Amino acid sequence: MTNKPKLLIVEDDLGLQRQLRWAYEGYEVITAVDRATALDAVRAEEPAVVTLDLGLPPDPDGTREGFATLAEILRIKPDTKVIVASGHGARESALQAIADGAWDFYAKPIDIDALGLIVARAFHVHALESENRRLAARGTGAGLGGMITAAPEMLKVTRTIERVAGADVSVMLLGASGTGKELLARGLHESSPRSKGAFVAINCAAIPETLLESELFGHEKGAFTGAVKTTEGKIEQAQGGTLFLDEIGDVPLPLQVKLLRFLQERTIERIGGRKAIAVDTRIVCATHQDVDAMVAAGSFREDLYYRLAEIVVRIPALAERSGDAVLLAQHFLKSYAKSMHSGVTGLSPDARAAIAVWAWPGNVRELENRMKRAVIMAEGKLVTAADLDLVAGEAEPPINLRAARESADRSTIAQALARADGNISNTAKLLGVSRPTLYDLLKSYDLHA
């Protein structure tokens, strides 16, 4: 088995194809002559770099088929470095290729040495980017806003939030109840230039409609019965900081109009007041509802939606976060065992197995409640599946074979490590492999006991 980097050459000129294969002895060269064979090669071999001729059959004298192939390659494997080579309208093709996501462009006739330098650079950059992604995904424990996760699905969300934190744009977090929307909103605030300002949160669904306007915008003394003093609203309290509007989908239409006016003008008027007050507040909102459906139904203003959703971040459910359920369960167990002075020290193997396959319809909130109850009810030192009142079900089968194989290996090894409390010998026994084999697997997947 070769360890050479994989280079896919997509070229219908067999003579040129042989010439390129000969020139790149330092790589494992795979060849394709049309879109179908190129895409099959990308799926099967996952090459890091592709050289792509735009003039492919059935359109060898045009570029349509080549650009279609470029789009499909990047859709299947977005991190691929595609170097487009063509003699068809070089400048126009180069501009379109780069706009469509190609890494570089080279006009025919091909200079093997010059193209070789471009290919070598592409492999170097791909390796650096892969290492950065690997390092970013390493480790567990508290991250953004105190979020505890090791799941690639959730780490992708936290990295997205870290990237947008520095930009002064409105962010909408979409996710089911109990997925950690407020925790992520707080993490966004703490990672932003506004971190020294206040983080003010308000649950729009928990406040009666008649009081919500006053809570948001404040009121002047005497504005209504019971208004015995002038009171700042949550928007003013978040001056210079961040206002988190949880369950934004529950804001009534009349108040949506007033909220839209604030977002457009960045000024508010308190209830009963006549003076416009300038407020510099960043808005982060969240909801578990289908906002697109609400807009279509007319229950949520489309113009407000686009003001609030400059950046949309979708948060996966707990069941979609590989390995996070057991990781969080251990965290909650330690926390509640300490605060309740309980003798519970860990999870039994059947509890770990049940937690790993449970669907968690209530997400992290359900898990926390079950762990709190289990710490109270456990009769021994280990929390069992019975203490959690869980009946183990079956996990959903994987969809994509190649991608699922690595995910399944990682998940199985992580679960075995969790069951064995990180003990290498016991983990190897659970997996039915030798210690050296397990060490190789841990190194291959960059996992740690």
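Refer to the preceding data block for the structure.
Residues numbered from 1 in each chain as written. Predicted model: local features only at pLDDT ≥ 70, side-chain atom pairs only at ≥ 80, totals over all residues. Heavy atoms only, no water.

Enquirer: Before we go on, may I ask you to explain unusual backbone geometry in this structure?
Expert: Across the chain, the bulk of peptide bonds are trans and the bulk of non-glycine residues have phi less than zero. Following P57, the chain continues to P58 via a peptide bond in cis, the omega torsion being 10°. Mapping P58 onto the fold places it in the loop between strand 3 (49-53) and helix 3 (64-76). A cis amide bond links K108 to the next residue, P109, at an omega of 5°. By the element assignment, P109 lies in the loop between strand 5 (104-107) and helix 5 (112-137). Of note, the phi angle at R266 is positive, near 60°, even though the residue is not glycine. Of note, R266 is situated in the loop between helix 10 (253-265) and strand 9 (267-268). Although it is not a glycine, W360 sits at a positive phi angle of roughly 50°. (Helix = DSSP H or I, 4+ residues; strand = E, 2+ residues; numbered from the N terminus.)

Enquirer: Which parts of the structure should I look at to understand the side chain of H126?
Expert: Looking at the element boundaries, H126 is found in helix 5. Judged by relative accessible area, H126 falls into the buried class, the value being 11%. Looking at H126, its side chain comes within polar contact range of the side chain of D79, at 3.1 Å. Not counting the four nearest positions on each side in its chain, H126 is found in contact with A48, K77, D79 and K81. (Buried < 20%, exposed > 50% of the residue type's maximum accessible area, 1.4 Å probe, protein only. Polar contact = N/O pair within 3.5 Å; in protein donor to acceptor, adjacent residues only side chain to side chain. Contact = heavy atoms within 4.5 Å.)

Enquirer: Looking at this structure, I do not really get the pairing of strand 11 (residues 282-287). What am I missing?
Expert: The side chains of a regular strand alternate between both faces of the sheet. The buried count for strand 11 comes to 6 of 6 residues, which makes it a mostly enclosed element. Here strand 11 shows a buried face lined by R282, V284 and A286 and a second buried face lined by I283, C285 and T287. Alignment of strand 6 (residues 171-174) against strand 11, held across 4 bridges, turns out to be parallel. In the sheet register, L174 faces strand 11, and the bridge partner there is T287. Note that strand 8 (residues 242-246) and strand 11 share 5 bridges and pair parallel. Residue pairing across strands places D246 opposite A286, the latter belonging to strand 11. (Pairing = 2+ DSSP bridges.)

Enquirer: Sorry if this is basic, but what is going on with the pattern of salt bridges here?
Expert: Pairing between side chains becomes possible if they bear opposite charge and their charged atoms approach one another. What the rule picks out here adds up to 15 salt bridges. One salt bridge in this structure joins E220 and R270, with 3.2 Å as the shortest N-O distance. In this pair, E220 is assigned in the loop between helix 8 (209-217) and helix 9 (234-237) and R270 in the loop between strand 9 and strand 10 (277-278), connecting sequence segments 50 residues apart. Given the relative accessible area of 15%, R270 is considered buried. Taken together, the shared-partner salt bridges in this structure form one network comprising E11, D53 and K108. (Salt bridge = Lys/Arg side-chain N within 4 Å of Asp/Glu carboxyl O.)

Enquirer: Just checking my understanding: could you explain the packing of helix 8 against helix 10 for this structure?
Expert: To characterise two packed helices, one gives the angle between the axes of the helices and the distance between these axes. Remark: helix 8 packs on helix 10, axes separated minimally by 11 Å, with the N-to-C direction vectors making an angle of 10°. By the angle between their axes, helix 8 is roughly parallel relative to helix 10. Facing helix 8, whose interface residues are L212, E213, L216 and F217, helix 10 presents L255, K258, L259 and F262. (Axes fitted to C-alpha atoms, helices over the stretch in contact; angles between N-to-C directions. Parallel < 35°, antiparallel > 145°, perpendicular 65-115°, else oblique.)

Enquirer: Explain the sheet that holds strand 5 to me, please; I cannot follow it from the model alone.
Expert: Sheet strands associate in pairs through backbone hydrogen bonding, adopting either a parallel or an antiparallel arrangement. Reading across the sheet, the 5 strands line up as 2-1-3-4-5 and stay open at both edges, with parallel pairing between neighbours. On the outer flanks of this sheet lie strand 2 (28-32) and strand 5, each paired with one strand and no other. Strand-to-strand twist across the sheet, computed as the mean angle between neighbouring axes with direction ignored, equals 20°. In this fold helix 1 (residues 14-23) packs onto strand 1 (6-10) and strand 2, with an angle of close to 170° to the strand it touches most, strand 2.

Enquirer: What am I meant to see in the environment of K196 here?
Expert: On the secondary structure map, K196 appears in the loop between helix 7 (181-190) and strand 7 (199-203). Among the residues examined, K196 registers a relative accessible area of 86% and is labelled exposed. When the C-alpha positions of K196 and G241 are compared, they lie 7.2 Å apart, and in sequence the two are 45 residues distant.

Enquirer: Explanation requested: the nonpolar core in the structure shown.
Expert: Proteins that are soluble and globular tend to have nonpolar side chains buried together. With 33 residues, the main nonpolar core has M172, I235, L245, I248, F262, F300 and L308 as its most contacted residues. Those elements giving two or more residues to this core turn out to be strand 6, strand 7, helix 8, strand 8, helix 10, strand 11, helix 11 (291-297) and helix 12 (302-308). With 5 residues, the single largest contributor to this core is helix 10. Among residues more than four places away in sequence, those in contact with F262 are F217, I235, T267, I268, V279, T281 and I283. Residues A329, L347, L367 and V383 belong to the second largest nonpolar core, which totals 25 residues. (Core = buried A, V, L, I, M, F, W, Y, C linked by side-chain atoms within 4.5 Å.)

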